[in-house]
Amino acid sequence: MRARGLPLPTSALLVLLASLSSLSGASAFAAERPPIPVPPDLLTQAELTGFRKTETYDEVLAFLTRLQRLSPYLRLSFIGPSEEGRRIPVVVASKEKLFEPADRFKSPKPVVLVVNSIHAGEVDGTDATLRLLRDIALTNRLDLLDGVTLVTVVVYNVDGHARVSAYNRPNQNGPEEMGFRTNARGLDLNRDFVKADARETRALLALADAWKPDLFVDDHVTDGADFQAVLTVSYANEPVTPKPIGDWLKAVVPKALSDVERESLATGGAYVDFLDARDPMKGFDSSIFSPRYSTGYFPLRNVPSILVETHALKPFGDRVRANELFLRALLERTGRAAKELLVARETARSAARGMPVGSPVVVAAEGDPARPESITFPTYEWSEAVSPVTGRPVVRYDASRRKTIRIQSLEHARPTVTVPRPAAYLIPAGFSNVEERLKAHGIRYERLPGARTLAVGTYRASAPVFGRASYQGRVRVDATIARAVETRTLAAGSLYVPLDTELANVAIALLEPESPDSLFAWGELSSCLEEKEYMDTRVLDPLAEQMLAKDPKLKAEWEQRLLDPKFASDPRARHRFFYKKTPFFDETVGLVPVFRLDAPLSVSRAPDGAASGAGPG
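Keep in mind the model is a prediction, meaning the values are calculated, not measured. (Residues numbered from 1 in each chain as written. Predicted model: local features only at pLDDT ≥ 70, side-chain atom pairs only at ≥ 80, totals over all residues. Heavy atoms only, no water.)

**A word on unusual backbone geometry**
We apply this condition: We count a stretch as a helix when DSSP gives it H or I for four or more residues in a row; a strand needs E for two or more, and each element gets its number in order from the N terminus.
With omega at 5°, the peptide bond leading from glycine 174 into proline 175 counts as cis. Along the chain, the position of proline 175 falls in the loop between α6 (158-162) and α7 (199-211). Following glutamate 238, the chain continues into proline 239 via a peptide bond in cis, with omega recorded as 5°. Inspection of the secondary structure assignment puts proline 239 in the loop between β6 (231-234) and α8 (243-261). In this model, phenylalanine 51 sits at a positive phi of 60°, which is unusual for a non-glycine residue. Here phenylalanine 51 shows up in the loop between α3 (45-48) and α4 (57-70).

What follows is the structure, encoded as structure tokens:
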């Protein structure tokens, strides 16, 4: 590794000059003077090595420290720590020098939050951001801050970034060595946004809650199919993204892509996820993103969210350049459309706060094949071959033979699970794990000062099906959910979670058991499905005989069940038939510890005695 400040090798210098000159077109209109030359100590490792290498964690921190010393418009700070104790670097770029979240509303400019290296081997966004921040520090592109405040997590998955190897991403074309996909615990941070298991996730959620960004960008590198685009972008459509925000994205993002195209880099405006990998002509599904993903989660916070995917098969230098060009173009165009963005944001936030109780809320959806969009997709000729490893047919692309096709893209979604919106939720006392998640997301709640007896909406889960293997360190669960209204007593300290908040949709995704990324679905509440007591047949047998003698209907039901050979031969089923009908059976088995209210509750008013009236008051 070459020391900073030493002369560049000729090959690296040529690559660097070509790379820097390629951006001159993007910056010429913004600068009336020649750009300030990049000093040797502000060259990235990628530039120094002809895009063979990328920065280590320590080199990133050193580079950012030099930029901060150089520019009064940049401030380096840290969130975290990570699971291994590393600090996560965050740079705020502000022309008004407003570097603290408490000051963010002193400027009318929207805040843009950019996250890089959530999958640590996918480093293009990190290298692109270092170059972008350098141009701001040198005042070559200080105009990028004319209309926005930039908050960027330069390396998010810092532990994965430090796990460097040449063998971490076998499908990616450079750099020579890179970090590992997951964090130190083996968690994919881009599957963690609702359950918030990782320290890194909770740190990022706290950052978002403090800064309240108006636009979110997540930089990735994709692989799989081959196609002409160096960079593709996508964003979740309805019902994930509120319509005003979706309209703003559709007005701004294609123009930013056009800006990149003018620099002779091919782009695409959809996420390339083929419906059938063996037949690209069937099109792809880019309709929705579950809130476990960043770009499915931030729309629940009413923040327009953009997924950037540079193409792993393209040269590393081209990918970095495309990512940088897109970020530059997006910042410029966001600044020009700042007023429209803020109006869209406030419209969505107001709708989230004020949606009437009982309104249908979509918590799960899928691509709608009845409403496909026809799109142009620049790709390559392909043919089918047989993999000598798997023995199965696979698609092989020929990058020497370009072709452009028209295919269908599922960019609209249809609901698969819809629930009525409550006014609030109640979490029984004792579930500190749920409280931890509410805190992590910044969701407001209060504690009941005394016990309350209330008519509440309940969820009872039956026929649970657990995942056959762990996923993200958890065993997921699916179950049949029955809704009812029951009168239940909640102890003092139970949590009241009102939904008159812009984070209402986050709370719904977290707490509705039928939501695919709810705490229940992630197995966080699976203890409610377990029986903790057992009734011995020594006790049950005489009791069952008494029950049959006293209850003719029960006797008829029992005799009818015995006609089923499967039931008659199953000792456990026969035992449970009677056990569940005795007063000894735990009636809370299957009762999800989340209750819903259809009217607000006055929490501050302490009830008389141990319990209050039968309805929410």
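That covers the picture; the talk isn't over yet.
**Details of the sheet that holds strand β12 (residues 393-410)**
Counted only if it meets this: For two strands to count as paired, DSSP must find a minimum of two bridges between them.
With mixed pairing, three strands are arranged side by side in an open sheet as β8-β12-β11. Each edge of the open sheet carries a strand with a single partner, namely β8 (284-285) and β11 (373-386). The pairing of β8 with β12 spans two bridges and is classified as parallel. Residue pairing in the sheet places phenylalanine 284 in a bridge with serine 409 of β12.

**What to know about the pattern of salt bridges**
Just so we agree on the cut-off: Basic side-chain nitrogens of Lys or Arg form a salt bridge, by our definition, when they fall within 4 Å of a carboxyl oxygen of Asp or Glu. For every residue, the accessible area (1.4 Å probe, protein chains only) is compared with the maximum for its type, and the residue is labelled buried under 20%, exposed over 50%, or partly exposed between those bounds.
Within this structure, the stated rule accounts for 58 salt bridges. Here aspartate 188 makes a salt bridge to arginine 191, at a shortest N to O gap of 3.6 Å. Accessibility assignment for this pair places aspartate 188 and arginine 191 in one class, buried. The shortest N-O distance in the salt bridge between lysine 195 and aspartate 192 comes to 2.7 Å. Each member of the pair, lysine 195 as well as aspartate 192, is classed as buried.

**Focus: the environment of serine 117**
The cut-off we apply is this: In this analysis, two residues are considered to be in contact whenever any of their non-hydrogen atoms come within 4.5 Å of each other. We call two N or O atoms a polar contact when they sit within 3.5 Å, provided that within protein one can donate a hydrogen and the other can accept it, with sequence-adjacent residues counted only if both atoms are side-chain atoms.
Inspection of the secondary structure assignment puts serine 117 in the loop between β3 (111-115) and α5 (124-137). On the accessibility criterion, serine 117 (1% relative accessible area) is buried. A sequence separation of 336 residues divides serine 117 from threonine 453, and the C-alpha atoms of the two residues are 49 Å apart. Serine 117 has contacts with Glu122, Val123, Thr126, Val155, Tyr156, Asn157 and Asp219, leaving out every residue within four places of it along the chain. Engagement of the side chain of serine 117 in a polar contact is seen with the side chain of threonine 126, the distance being 2.7 Å.

Coordinates in, geometry out; function isn't part of it.
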